[in-house]
Each structure stands twice: as structure tokens, then as C-alpha cells.
Amino acid sequence: GSSNVAVGMAALLNNTTASNNTAVGYQSLRANTTGANNTASGYQSLYSNTTGSTNTSVGRVASYSNTTGSYNTAVGEGALYTASTGSNNTALGKAAGDNITTGSSNIIIGSGVDAPSATASNQLNIGNTIYGNTSTGNVGIGTSSPSANIEVSDDDGAKLRLTRNDASVDPGNIVGSLEFYNKDADGQHISSYVRGIAQETYGRQGDLVFGTAGTNS
């Protein structure tokens with residue numbers, strides 16, 4: 001191999017023909033043979049990698065078990081620790097996504113945050129609060145398996161709050177609005193809506209108004 005950089009005892013120890021690897025730290029990329037374009041920084045980071053390519057692992061034992069997976073990014077001690085063959089995973093934070101084994105295209109953010117499934121793909125978990133399925137585009141708050149574009153779940157009843165930040169609200173002002181918007185060959189327009197309208201100053205009392213395109217110019 002050529003254009004490799006190895007700094008630390010046993011870093012890139014078994015490399016044969018692979019090129020453009022950077023290994024910094026004790027036994028980083030130790031098992032690598034033909035995997036190319038990898039960057040490993042930290043004690044035993046990408047330790048088990050053999051043929052996986054274009055991985056970036058920063059932190060002690062980050063991506064430790066990866067063997068053939070490629071295009072993974074692990075930042076944080078133990079991030080993606082057990083992922084072995086999955087590709088295109090991104091994990092940011094100490095031990096982030098360390099439960100993933102074979103899943104691919106997962107995004108895990110936060111210290112100690114795991115993927116909902118160790119073997120599934122296209123999962124999103126941000127701080128064990130915001131979840132998603134990147135293949136369907138569904139996003140969940142409080143649920144790891146959203147079945148709609150946006151799903152909010154809570155044991156005590158889910159709440160969605162629309163807040164108007166204003167020092168004063170006059171009667172007739174819109175406090176919040178939910179609009180049903182349509183894009184078609186005829187253009188873009190609001191087809192219907194639900195609005196909260198202040199009845200009096202400061203908006204302590206209000207009306208709920210339902211409207212359609214015919215009543216909304």
C-alpha cells in the first residue's frame with residue numbers, strides 16, 4: 001500500500017495493499033489488510049477493520065468491531081463499537097450507536113444513545129427524544145416507530161403547542177394557525193385552515209376559526 005500514515009504501536013500492523021489510510025493511536029486499524037481511505041484516531045479505533053473503506057472513527061475503541069463496513073462515521077469513545085458489516089452509519093457521542101451490529105444508514109446522536117434496533121437500517125435517534133425513519137421520512141417525538149410524517153406520543157396524552165411570542169396581542173390577531181397547503185399544476189395555495197384568534201387584549205380568550213380556500217383570500 002501507499003500514502004498510509006501510522007502513528008502508535010501496532011497501528012496498521014497487518015496492512016498489505018491498502019492505501020490512503022491514517023491510523024493514530026495504539027492498535028488503531030490493526031487488522032486492516034486491503035481497506036482504503038480510512039481514518040482512525042484513538043486507542044484501538046477501527047481495530048478489527050479488514051476490508052472496509054472510507055470509514056472515519058475518532059475516539060477510544062470507536063468502530064472497534066467493524067470489519068467490512070464502509071462509509072461509517074463514529075465520533076466518541078466506543079461509538080459504533082459492535083457494528084461489524086453495516087455501512088453509511090453516523091454516530092456522534094460517547095457509546096453512541098454501540099448496539100448496532102449489522103444495520104446500515106443509521107444516524108445516532110447523543111451520549112449513550114442507541115439505535116431502536118441493532119440490525120435495522122435507516123433509523124434516526126437524537127437524544128432518545130426525536131426518532132425517524134430516513135427511508136420513509138417519518139419523524140417521531142416520543143415514539144421510536146413513527147407511522148406518519150410526524151407522530152407525537154406521550155403516556156399522558158400528546159400535546160402540540162403553537163405559541164405567539166408578543167408583548168401584547170390585540171383582538172382579532174392570529175395566535176396560531178394550522179394550514180393545509182396544496183401544490184399542484186394550478187399553483188400553490190392554502191386549501192383549508194384552522195386558526196386560533198384572540199378575542200381580547202393579551203389573547204387570554206379566543207375563538208377557533210375553520211376556513212377553506214373559498215373563505216380565505
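Figured I'd write up the structure that's included with this text. The structure displayed is predicted, hence computed values, not measured ones.

Some thoughts on the pattern of salt bridges
Considering all chains together, one arrives at three salt bridges under this definition. Notably, a salt bridge pairs Glu179 with Arg195, separated by 3.9 Å at the nearest N-O pair. Highlighted residues: Glu179 in strand β12 (residues 174-184) and Arg195 in strand β13 (residues 187-198), separated in sequence by 16 residues. Accessibility expressed as a relative area gives 41% for Glu179, which makes it partly exposed.

Focus on the nonpolar core
Membership of the largest hydrophobic core is limited to 11 residues, which are Ala62, Ala74, Ala79, Leu80, Ala83, Ala91, Ala96, Ile100, Ile108, Val113 and Ala115. In this structure Ile108 touches Thr90, Ala91, Leu92, Ala96, Gly97, Ile100, Val113, Asp114, Ala115, Gln123 and Asn125, once residues within four positions along its chain are discounted. Listed in part, the six residues of the second largest apolar core include Ala11, Leu12, Leu29 and Leu46.

Quick look at the sheet that holds β13
Strands sit in the order β12-β13-β14 across an open sheet of three strands; the sheet is antiparallel. Edge positions in the open sheet fall to β12 and β14 (206-212), since each of these has one partner strand only. Pairs of neighbouring strands in the sheet enclose a mean axial angle of 15°, with direction left out of account. Across 10 bridges, β12 lies against β13 in antiparallel orientation. Note on β13: the bridge partner recorded for Asn182 is His189.

Considerations on a nonpolar patch on the surface
Taken together, Val58, Val75, Leu92, Ile107, Ile109, Ile126, Ile130, Ile141, Ile150 and Val152 make up a surface patch of nonpolar side chains, about 700 Å² in accessible area. Listing elements by their share of the nonpolar patch, those giving two or more residues are β7 (107-109) and β11 (150-152). Mapped onto the fold, Ile141 is located in strand β10 (residues 138-141).

What about the pairing of strand β8 (residues 123-126)?
When β7 meets β8, the two strands line up parallel, connected through three bridges. For Ile107, the partnering residue across the bridge sits in β8 and is Leu124. Relative to strand β9 (residues 130-133), β8 runs antiparallel, the two sharing four bridges. Within the sheet, the bridge partner assigned to Gln123 lies in β9 and is Asn133. Linkage of β8 to β9, two consecutive antiparallel strands, is achieved through a turn of three residues, within which Gly127 is found at a positive phi near 60°.

Concerning unusual backbone geometry
With glycine set apart, most residues show a phi of negative sign, and most peptide bonds adopt trans. In this model, Gln44 sits at a positive phi of 55°, which is unusual for a non-glycine residue. Along the chain, Gln44 turns up in the loop between β3 (39-41) and β4 (56-58). In this structure, Val61 takes a positive phi of about 50° despite not being glycine. By the secondary structure assignment, Val61 is in the loop between β4 and β5 (73-75).

A look at the packing of aromatic side chains
Under the defined criterion, the tally for this structure stands at three aromatic pairs. Pairing Tyr47 with Tyr64 gives two aromatic rings, centres 4.9 Å apart and planes at 5°, and the pair type is stacked. Pair noted here: Tyr47 is in the loop between β3 and β4 and Tyr64 is in the loop between β4 and β5, with a separation of 17 residues, a long-range link. Classification of Tyr64 as buried rests on a relative accessible area of 19%. Lying over the aromatic face of Tyr193, Arg195 brings its terminal NZ or CZ to 4.1 Å of the ring centre.

The rules behind the values
Residues numbered from 1 in each chain as written. Predicted model: local features only at pLDDT ≥ 70, side-chain atom pairs only at ≥ 80, totals over all residues. Heavy atoms only, no water. Salt bridge = Lys/Arg side-chain N within 4 Å of Asp/Glu carboxyl O. Helix = DSSP H or I, 4+ residues; strand = E, 2+ residues; numbered from the N terminus. Buried < 20%, exposed > 50% of the residue type's maximum accessible area, 1.4 Å probe, protein only. Core = buried A, V, L, I, M, F, W, Y, C linked by side-chain atoms within 4.5 Å. Contact = heavy atoms within 4.5 Å. Pairing = 2+ DSSP bridges. Axes fitted to C-alpha atoms, helices over the stretch in contact; angles between N-to-C directions. Patch = residues over 30% accessible without salt bridge, like charges linked within 9 Å, V, L, I, M, F, W, Y side chains within 5 Å. Areas by Shrake-Rupley, 256 points an atom, 1.4 Å probe, with all protein chains shown as cover. Phe/Tyr/Trp six-rings, centres within 6.5 Å; stacked < 30°, edge-to-face > 60°. Lys NZ or Arg CZ within 6 Å of the ring centre and 35° of its normal.

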